[in-house]
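Observations on chain architecture
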Amino acid sequence: MGRASTKLHRGEAEPGLPERGVPGARDPMAEARDRFLAAEPVDRAVVREPILASWWRSREWRVAANRLDLSYLGAPDLDTTLARAAEPVLRHLHEQLDGQPISIILTDATGLVLRRLTGDRDLERQLDAIMLVPGFSYAEEVVGTNGIGTALESGGPAHVFGHEHYAERLEGLACAGVPLRDPLSGKTLGVIDLTCWRRNADPLLLSLVRSTADQLGQALTETSNGRDMRLLLEYTRACRHTGGIVLALGNDIVMLNDHARRALSPADQAALISQATDALAAEAHAAGARGRWRQPGAVTVDLPSGSVARMFCRPVGELSVLAGPAPADAGPLADGVVHVKLVTPATAQSTEAVITRSAMTLPGLVGSGAAWRRACRLAEASYGRGEWLALEGEAGAGKLALIRAVHQRRNPAARFHVIDVADLGMPPDCLVAVRSELRASADPAASAGLLVLRHAHLLNGHQVRALTDALAEAKSSGQAETLRVAVTLDRDAARADLSCLLRLFPDSVDVPPLRHHSEDLRDLVPFFLGKLSQQGRVTCSSSAMQLLLRHTWPGNTAQLWQVLRQVVQRRRVGQILPEDLPPECWTVSRRVLSPLESIERDAIVQSLLDHGGNKIRAARALGMSRATIYRRIREYGIITS
């Protein structure tokens, strides 16, 4: 591309480009944005659908429209495949645009700015002022509608001009972004964005950013990891020679053939991927000790759907590269191709002794999602080493249930005691209770007991220091050999700095929120219903399950238990139908509502159910305007279909 061809010029307006109207006239887009921010109806002929959808997301994320709330996230990592592959392409484009008021911006998959090249001093000063610089995130949930964040959210090219931006500080700019994907896995790696002054926006900006994205895609292909290419070749070879289910697992890569996608439900796919990850990691460690790969045996896996699968895992790659000691939080240590055969339970029981039974679920727990199984695996490994353990995660995620199950499996006869530190005065009341339990748990005459300290994040600074001193005293007195202590906390909700306390706990396990392993709902719902109803007299219909799967569960597993308990009090036998579920299950809200908002949401859901989903009649019954009920349905994420 020659230098002259990159000059911006004013041409005919295209959809989404700013119009050159009558001087002094009010911009229709600015008026539409003002109406949206005032919660008034917006003319869809003025606002493009992708922009309006982004405005709604920005509102749901509670992005400020009148200011920018950005925080420096640290120096970006430029030693990545994307950054290395992009550098020559960005440098060449920067030379082509020398002197032009256009900035070239590269971000990672989270919207964090990695590189910025600008050929105009005035534009550079403006971008500095709005913190569009390396180390700051321009994700949509941070700054609202913009070319970077909106491209990431939509998964495709996005251009945002002038008043289409959600934040007022950005309305003098125009930007166009295109997501960049890994050529093998298809995983989003980042965004290439071009930003200029709104007055200079032109169709050329759109074509130029697409052309640059194509060049970056080619550069990524040329620098693709040789290990990934080898895995891809082995996978395609296996698919050609095998008519059954084939999976391939690598570094951030998961591939499934069409047969796997047709024959396996999403929950079954997740279970197989998790089991295969474990099997390949175990084989890598064993192979490192004996110096060679072995002929793969079969692993029998009980799938969430009730089917049974035999899984054959074949590692791919050089042993010298893949084997070796594994960190505690390691992912798959060996790439591999996995062949799967579905068998009946009766057939599985008659298989030869060479077949290894997959690990049992921890006592009293269910779930096969990869994130949940990883937390279980890490917690059990820490317990086996005798380390003091911190379990972190949101309220209701299952931190206490997890450590109780691990203790029950590994040392059921030993003492297990829980102290909720938030329920005790501190000090001296809680110190007396904690020291007493520390002595009892460390009694050398009995097996090493486990003391669990719950809700440490609710302590204030004085209480944290007092608890830390008591635990440090126990450790220094020589009790550490027989004493086990675990602490549960939600770091994001901490009232004080917990760093001094957590230094006493060498291991930490993140327990995932339910929305990060929602596939486990298909296991959790019947499991909970079995506990809540007698002899399985209550089951969940597929339509009700779909509603449960769509809910984001801000209260996590504890909220699911309370919902099902509430349902079973009314539906004591038969199938749970969608109308049996409480109003909170008819929403996909991203946040926990206030008590007043919950009351309003419940009233709207009930009115919609009473009027067969007719929004106008529901609004009339509630004394609301039609515009208000539509706005509330969107704001609360109420499912109306």
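Above: the structure in question.
Heads up: these notes are all about the structure in this document. (Residues numbered from 1 in each chain as written. Predicted model: local features only at pLDDT ≥ 70, side-chain atom pairs only at ≥ 80, totals over all residues. Heavy atoms only, no water.)

**What to know about the nonpolar core**
- Of all hydrophobic cores here, the largest spans 33 residues; its most connected members are Val525, Leu529, Trp553, Leu560, Leu581 and Ile604.
- For this core, the secondary structure elements donating two or more residues are helix 18 (521-532), strand 17 (538-540), helix 19 (542-550), helix 20 (556-570), helix 21 (595-610), helix 22 (615-622) and helix 23 (626-636).
- Counting 29 residues, the second largest nonpolar core, distinct from the first, contains Leu180, Cys196, Leu216 and Ala219. (Core = buried A, V, L, I, M, F, W, Y, C linked by side-chain atoms within 4.5 Å. Buried < 20%, exposed > 50% of the residue type's maximum accessible area, 1.4 Å probe, protein only. Helix = DSSP H or I, 4+ residues; strand = E, 2+ residues; numbered from the N terminus.)

**Thoughts on the packing of aromatic side chains**
- Evaluation of the coordinates by the stated rule reveals six aromatic pairs.
- Here phenylalanine 36 and tryptophan 56 contribute two aromatic rings whose centre-to-centre distance is 5.1 Å and whose plane-to-plane angle is 85°, an arrangement assigned as edge-to-face. Of this pair, phenylalanine 36 sits in helix 1 (residues 28-37) while tryptophan 56 sits in helix 2 (residues 49-60), and the two are 20 residues apart along the sequence.
- Between phenylalanine 528 and tryptophan 561 the ring centres are 5.2 Å apart and the planes differ by 85°, which places this aromatic pair in the edge-to-face class. Here tryptophan 561 lies in helix 20 and phenylalanine 528 lies in helix 18, a separation of 33 residues in the sequence.
- Phenylalanine 528 gets classed as buried once you look at its relative accessible area, which sits at 9%.
- Through successive ring pairs, a cluster of aromatic residues spans Phe36, Trp55 and Trp56.
- One cation-aromatic arrangement involves arginine 59 over tryptophan 56; the distance from NZ or CZ to the ring centre is 4.9 Å.
- Lysine 475 extends its terminal NZ or CZ atom over the ring of tryptophan 388, reaching a point 4.5 Å from the ring centre. (Phe/Tyr/Trp six-rings, centres within 6.5 Å; stacked < 30°, edge-to-face > 60°. Lys NZ or Arg CZ within 6 Å of the ring centre and 35° of its normal.)

**Digging into the sheet that holds strand 3 (residues 158-161)**
- Pairing within the open sheet is antiparallel, and its five strands lie in the order 2-1-5-4-3. Here the strands that pair on one side only, and so sit at the sheet edges, are strand 2 (113-118) and strand 3. Pairwise comparison of adjacent strand axes, ignoring direction, gives a mean angle of 15° for this sheet.
- By the bridge criterion, nine bridges tie strand 4 (residues 173-181) to strand 5 (residues 188-197) in an arrangement that is antiparallel. Bridging across to strand 5, leucine 173 finds its partner in tryptophan 197. (Pairing = 2+ DSSP bridges. Axes fitted to C-alpha atoms, helices over the stretch in contact; angles between N-to-C directions.)

**So, the packing of helix 1 against helix 2**
- It is at 11 Å that the axes of helix 1 and helix 2 come closest, and there the two elements cross at 35°. For the pair helix 1 and helix 2, the sense of crossing is right-handed. For the pair formed by helix 1 and helix 2, the contact residues are Met29, Ala32, Arg33, Phe36 and Leu37 on the first element and Leu52, Trp55, Trp56 and Arg59 on the second.
- Looking at side-chain class alone, the contact of helix 1 with helix 2 contains seven nonpolar, no polar and two charged residues. (Left-handed = near helix turned anticlockwise from the far one by under 90°. Contact = heavy atoms within 4.5 Å. Nonpolar A, V, L, I, M, F, W, Y, C, P; charged D, E, K, R; others polar.)

**What to know about unusual backbone geometry**
- One non-glycine residue with positive phi stands out, namely alanine 39, at about 60°.
- Considering the arrangement of structural elements, one finds alanine 39 in the loop between helix 1 and helix 2.
- The phi angle at methionine 131 is positive, at roughly 60°, despite the residue not being glycine.
- Assignment of secondary structure puts methionine 131 in the loop between helix 4 (121-129) and helix 5 (140-143).
- For methionine 131, a relative accessible area of 22% gives the class partly exposed.

Interpretation in functional terms is not warranted from these geometric data alone.
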